[in-house]
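# Examination of the molecular architecture
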Amino acid sequence: MKSILLEKKNQIAYVTINRAEALNCFNYSALVELQEVVNALHIDPEVRVVIFTGAGKKAFSAGADLKERKTLNESEVRRNVKAIRDVFNSIAELPQPTIAAVNGHALGGGFELMLACDFAIATTNATLGLTETSWAIIPGAGGTQRLPRLVGEMKAKELIFTAKRLKASEALELGIVLKVVAWDELIASCEELADAIMKNGPVAIKQAKYAINEGLNTDLRTGLAIETKAYELVIPTIDRIEALQAFNEKRDPVFQGR
């Protein structure tokens, strides 16, 4: 049985962590599978939005598979940590907008997967947190870097140092998730956001994501230069001309992603 499932429908890719019996925890083989899927999506011209979720109703992902971790030597632990860090970085670097459909517990590495996505929508029963310090380790797949950028240094330190578990409503107040919905409304809510994004120019969306992500990691002057270069790439596109023609003809544009 595959640990990672991929389905594509209406230009949306659905990536599901398929280890419900293990609370969708990541063992090494699951990380390898996930990396292969993400690599393929990175160059897939037909996919315009990617939705990540977990199988079942209990967990989005509870992070690293601690049953496997107990059997590993130090070298293998380092291998696993590198694998989870690399695949989450690959998810953060996907050119398509990404949505975490948080269908249950998002703890440790599961929380870090959510942070690597552009958006997160959670169910009312979800519990979220970077709980690594309670296991005498630290977040090693981006949590110590992405969370402070999202909620600020002091709040991130509180959440990481105390290994606090947040209710979905608390995560919403902190801006960690975009919306909280009932479990049976989760995927539809994610698809509604995806549809709103996909009404717009595909090249423009990719370049806007690139400009925001790259600009956040630098000073304002450099960020503005990144924005300028990203804008230059949309000027010669067919879609830009189509948008102007559609405006003149008082109709909806039909974008081709070119």
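Definitions and cut-offs
Residues numbered from 1 in each chain as written. Predicted model: local features only at pLDDT ≥ 70, side-chain atom pairs only at ≥ 80, totals over all residues. Heavy atoms only, no water. Buried < 20%, exposed > 50% of the residue type's maximum accessible area, 1.4 Å probe, protein only. Helix = DSSP H or I, 4+ residues; strand = E, 2+ residues; numbered from the N terminus. Pairing = 2+ DSSP bridges. Right-handed = clockwise from strand over helix to strand, strands pointing away. Patch = residues over 30% accessible without salt bridge, like charges linked within 9 Å, V, L, I, M, F, W, Y side chains within 5 Å. Areas by Shrake-Rupley, 256 points an atom, 1.4 Å probe, with all protein chains shown as cover. Salt bridge = Lys/Arg side-chain N within 4 Å of Asp/Glu carboxyl O. Contact = heavy atoms within 4.5 Å. Axes fitted to C-alpha atoms, helices over the stretch in contact; angles between N-to-C directions. Disulfide = S-S within 2.5 Å. Arc of directions from axis to C-beta. Core = buried A, V, L, I, M, F, W, Y, C linked by side-chain atoms within 4.5 Å. Expected span 1.5 Å × (residues − 1). Polar contact = N/O pair within 3.5 Å; in protein donor to acceptor, adjacent residues only side chain to side chain.

This part covers the pairing of strand β3 (residues 49-54). Burial analysis of β3 places 6 of its 6 residues in the buried class, which makes it a mostly covered element. Direction of pairing for strand β2 (residues 12-17) relative to β3: parallel, over a ladder of 6 bridges. From the neighbouring strand, threonine 16 faces β3, where its bridge partner is threonine 53. For the segment spanning β2, helix α1 (residues 28-42) and β3, crossover handedness is right-handed. Relative to strand β5 (residues 98-102), β3 is paired through 4 bridges, and the arrangement is parallel. Following the sheet pairing, valine 50 is matched in β5 by threonine 98.

With that settled, the discussion passes to the pairing of strand β1 (residues 4-9). Across 6 bridges, β1 lies against β2 in antiparallel orientation. By the bridge assignment for β2, lysine 8 is matched with alanine 13.

Time to look at a nonpolar patch on the surface. Among the surface-exposed residues, Leu66, Trp135 and Ile137 lie close enough to one another that they form a single nonpolar patch of about 300 Å² accessible area. Positionally, isoleucine 137 belongs in the loop between β8 (127-129) and α5 (143-151).

A few words now on the pattern of salt bridges. All chains considered together, the criterion is met by 9 salt bridges. With a shortest N-O distance of 2.8 Å, lysine 209 and aspartate 118 are connected by a salt bridge. Of this pair, lysine 209 sits in helix α9 (residues 202-216) while aspartate 118 sits in the loop between α4 (109-116) and β7 (119-123), placing them 91 residues apart in sequence. Residue classification places lysine 209 among the buried residues on the basis of a relative accessible area of 10%. Across the pair lysine 155 and glutamate 158 runs a salt bridge whose closest N-O atoms are separated by 2.7 Å. Remark: glutamate 158 and lysine 155 occur in helix α6 (residues 153-162); sequence separation between them is 3 residues, near one turn of the helix.

A sheet is described by the order of its strands in space; here 4 strands give the open sequence β4-β6-β8-β9, paired in mixed fashion. Looking at which strands have only one partner, the edges of the open sheet turn out to be β4 (59-61) and β9 (166-167). By the bridge criterion, 2 bridges tie β8 to β9 in an arrangement that is antiparallel. Bridging across to β9, leucine 128 finds its partner in leucine 166. Docked against the sheet, α4 engages β4, β6 (105-107) and β8, running at close to 95° with respect to β6.

Turning our attention to the state of the cysteines. Per the counting criterion, the structure on display carries 0 disulfides. For cysteine 117, which is in no disulfide, the shortest distance to another cysteine sulfur is to cysteine 190 and amounts to 9.8 Å. Judged by relative accessible area, cysteine 190 falls into the buried class, the value being 0%.

On to α6. Listed in full, the buried residues belonging to α6 are Ala156, Leu159 and Ile160. The buried residues of α6 occupy one face: seen down the axis, they fall within an arc of 95°. Along α6, exposed side chains directed more than 90 degrees from the buried face belong to Met154, Phe161 and Thr162. Buried residues in α6 make contact with α5 and β9. Two residues or fewer past α6, alanine 163 is found with a positive phi of approximately 55°.

Take the nonpolar core next. Counting 47 residues, the largest nonpolar core has Leu34, Phe88, Val102, Met114, Leu128, Leu147 and Ile176 as its most contacted members. Counting residues in hydrophobic clusters, the runner-up holds 14 residues, among them Ile121, Cys190, Ile197 and Met198.

Moving on to helix α10 (residues 220-234). The end-to-end C-alpha distance of α10, which contains 15 residues, comes to 21 Å, matching closely the 21 Å that a straight helix rising 1.5 Å per residue would cover. Turning to α10, its buried residues are Gly223, Ile226, Ala230 and Val234. All buried residues of α10 fall inside an arc of 85° around its axis, so they share one side. Within α10, the exposed residues directed more than 90 degrees away from the buried face are Arg221, Lys229 and Tyr231. Residue aspartate 219 occupies the N-cap position of α10, its side-chain oxygen lying 3.1 Å from the main-chain nitrogen of arginine 221.

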